[in-house]
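Below are the chains, spelled out letter by letter.
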Amino acid sequence: MIYSETEPTATLYMGVDIRSKTLTCHRWSSLHKLLAKTIGAASPGVFDNDGGRGEWTLLVDVCYQCLEDGLNNISGCDAWILAQLFGGNHVRSMAMSLAWLCINGLRLQDGLFAIYPSADRNERLSIALEDAWLDAEDLRGFFGYYEHDQKPEGYR
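Residues numbered from 1 in each chain as written. Predicted model: local features only at pLDDT ≥ 70, side-chain atom pairs only at ≥ 80, totals over all residues. Heavy atoms only, no water.

Novice: How would you summarise the overall build of the protein if you had to cite specific residues and measurements?
Specialist: Across its full length, the protein carries 6 helices and 2 strands. Secondary structure elements of the protein occur, N-terminal to C-terminal, as β-α-β-α-α-α-α-α. Contacts in the protein between residues far apart in sequence, at least 24 positions, make up 69% of those at least 6 positions apart. (Helix = DSSP H or I, 4+ residues; strand = E, 2+ residues; numbered from the N terminus. Contact = heavy atoms within 4.5 Å.)

What follows is the structure, given as structure tokens:
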């Protein structure tokens, strides 16, 4: 099923709360519409739940289950979110930007600091992303590196 944001005044969902189950396709299509429409990117606001490489709603259910089973914060789900959004063909443009924006929104909401892809590891990240929608384990290493390398001074 393909979701499309049709409301003319979409809200930016930077503070998406994974615990209140707002990682819905409708919310992601709203955010994608804001990002893609601004620069004229392809299919603004269109989010395909199936995408041809797995259902987004199944990924979200797994993330919720991990949190219910004791995962303290989004850290750990972030690699899955990036892998599925980037490789799952859910959006037709700006997948990487959408993923990082939402992951950092979730991280900030959970009291973590924002992290960003590192230019010095860009080629290795691209390689890890190629098949990450099948297995996000390699991506977890990048998130661990980013957390360690980008940790603000004085952060717990």
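The discussion continues.
Novice: Can you explain the pattern of salt bridges? Please cite residues and give values.
Specialist: Two side chains that carry opposite charge are able to pair once their charged atoms sit near each other. Within this structure, the stated rule accounts for 2 salt bridges. With a shortest N-O distance of 3.5 Å, R107 and D78 are connected by a salt bridge. Pair noted here: R107 is in helix α4 (residues 95-109) and D78 is in helix α3 (residues 78-87), with a separation of 29 residues, a long-range link. Judged by its relative accessible area of 0%, R107 falls in the buried class. The shortest N-O distance in the salt bridge between R107 and E147 comes to 2.7 Å. Here the residue R107 occupies a position in helix α4, and E147 occupies one in helix α6 (residues 137-149), the gap between them amounting to 40 residues. Beyond isolated ion pairs, a larger network of salt bridges with shared partners links D78, R107 and E147. (Salt bridge = Lys/Arg side-chain N within 4 Å of Asp/Glu carboxyl O. Buried < 20%, exposed > 50% of the residue type's maximum accessible area, 1.4 Å probe, protein only.)

Novice: So, the nonpolar core: which residues are in play, and what are the values?
Specialist: The tendency in soluble globular proteins is for nonpolar side chains to be buried side by side. Formed by 38 residues in total, the largest nonpolar core has its most connected members in W28, W56, I81, L82 and L139. Breaking this core down by element, the ones donating at least two residues are α1 (25-39), α2 (56-68), α3, α4, α5 (122-130) and α6. If one sorts the elements of this core by residue count, α4 sits on top with 7 residues. Ignoring sequence-local partners within four residues, the contact set of W28 consists of L23, F47, W56, I81, L85, L98 and C102. (Core = buried A, V, L, I, M, F, W, Y, C linked by side-chain atoms within 4.5 Å.)

Novice: Tell me about the packing of α5 against α6, and name the residues and values.
Specialist: Put simply, α5 and α6 touch, their axes get as near as 8 Å, and they point 145° apart. Each of R124, L125, A128 and L129 in α5 lies in contact with α6, whose residues at this interface are D138, L139, F142 and Y146. Its residues assigned to classes, the contact of α5 with α6 shows 6 nonpolar, no polar and 2 charged. (Axes fitted to C-alpha atoms, helices over the stretch in contact; angles between N-to-C directions. Nonpolar A, V, L, I, M, F, W, Y, C, P; charged D, E, K, R; others polar.)

Novice: Which residues make up the packing of aromatic side chains, and what values go with them?
Specialist: A complete count under the given rule lists 9 aromatic pairs for this structure. Residues F47 and W56 carry aromatic rings whose centres are separated by 5.6 Å and whose planes lie at 75° to one another, so their mutual orientation is edge-to-face. Like W56, F47 is buried. A cation over an aromatic ring shows up here: R107 above the ring of F113, its NZ or CZ 5.4 Å from the ring centre. A cation over a ring is seen here: R121 above Y145, with NZ or CZ 3.5 Å from the ring centre. (Phe/Tyr/Trp six-rings, centres within 6.5 Å; stacked < 30°, edge-to-face > 60°. Lys NZ or Arg CZ within 6 Å of the ring centre and 35° of its normal.)

Novice: So what about the confidence of the model for the protein? Which residues, and what values?
Specialist: For the protein, the average pLDDT comes to 79, and 83% of its residues sit at 70 or higher. Of all helices and strands in the protein, the one with the weakest mean pLDDT is strand β1 (residues 2-4) (60), whereas strand β2 (residues 46-48) scores best (91). (pLDDT = per-residue confidence, 0-100.)

Novice: Explain the side chain of D48 to me, and be specific about the residues and the numbers.
Specialist: With respect to the helices, strands and loops of the structure, D48 is situated in strand β2. One buried charged residue, D48, forms no salt bridge at all, with the nearest opposite charge on R92 at 4.4 Å. Looking at D48, its side chain comes within polar contact range of the main-chain nitrogen of D50, at 3.1 Å. (Lys, Arg positive; Asp, Glu negative; His and termini not counted. Polar contact = N/O pair within 3.5 Å; in protein donor to acceptor, adjacent residues only side chain to side chain.)

Novice: Just give me the short version of the environment of D149, but keep the residues and values in it.
Specialist: Position of D149 relative to the elements: it lies in helix α6. What makes D149 partly exposed here is its relative accessible area of 46%. Sequence separation between D149 and S118 is 31 residues, and the spatial gap between their C-alpha atoms is 9.5 Å.

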